[in-house]
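In case you want the letters, here they are:
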Amino acid sequence: VEPDGTATMLPAMAATADPAMKAAAKPMDKCLILMKGDDGKMYMSEDMAMPDGKMACATLKTMAK
């Protein structure tokens, strides 16, 4: 995802993937939330507990349906 909100989806990393890119990549262990602000910039946040005790990603999933 670019800072302006454009995204590029790539297929799964193959065994023949660029070694430098593969070495820099790390597995995700939390949900990430990406939001585009009124200023046109993208903002990223890791999952967090909301005031009602529910996790933000779980709440957003119900809103997206």
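Residues numbered from 1 in each chain as written. Predicted model: local features only at pLDDT ≥ 70, side-chain atom pairs only at ≥ 80, totals over all residues. Heavy atoms only, no water.

1. Some remarks on the overall build of the chain
The condition is simple: We count a stretch as a helix when DSSP gives it H or I for four or more residues in a row; a strand needs E for two or more, and each element gets its number in order from the N terminus. Radius of gyration here uses only the C-alpha atoms, and the compact-globule reference equals 2.2 Å multiplied by the residue count raised to the power 0.38. Only protein chains enter the accessibility calculation, which uses a 1.4 Å probe. A residue is then buried if its area is under 20% of the maximum for its type, exposed if over 50%, and partly exposed in between. Contact criterion: two residues are considered in contact whenever any of their non-hydrogen atoms come within 4.5 Å of each other.
Tallying secondary structure elements over the chain gives two helices and two strands in all. Shown N-terminal to C-terminal, the secondary structure of the chain runs as helices and strands in the order α-β-β-α. What you see for the chain is a C-alpha radius of gyration of 15 Å, clearly larger than the 11 Å of a compact globule of 65 residues, by over 25%. Counting only residues that meet the buried cut, the chain has 8% of its 65 residues in that class. Considering only contacts within the chain whose residues lie at least 6 apart along the sequence, 27% involve residues at least 24 apart.

2. Some words on the side chain of S45
With respect to the helices, strands and loops of the structure, S45 is situated in strand β2 (residues 42–46). When residues no more than four places from it in sequence are discounted, the contact partners of S45 are C31, L32, I33 and M35.

Geometric values such as these leave the question of function open.
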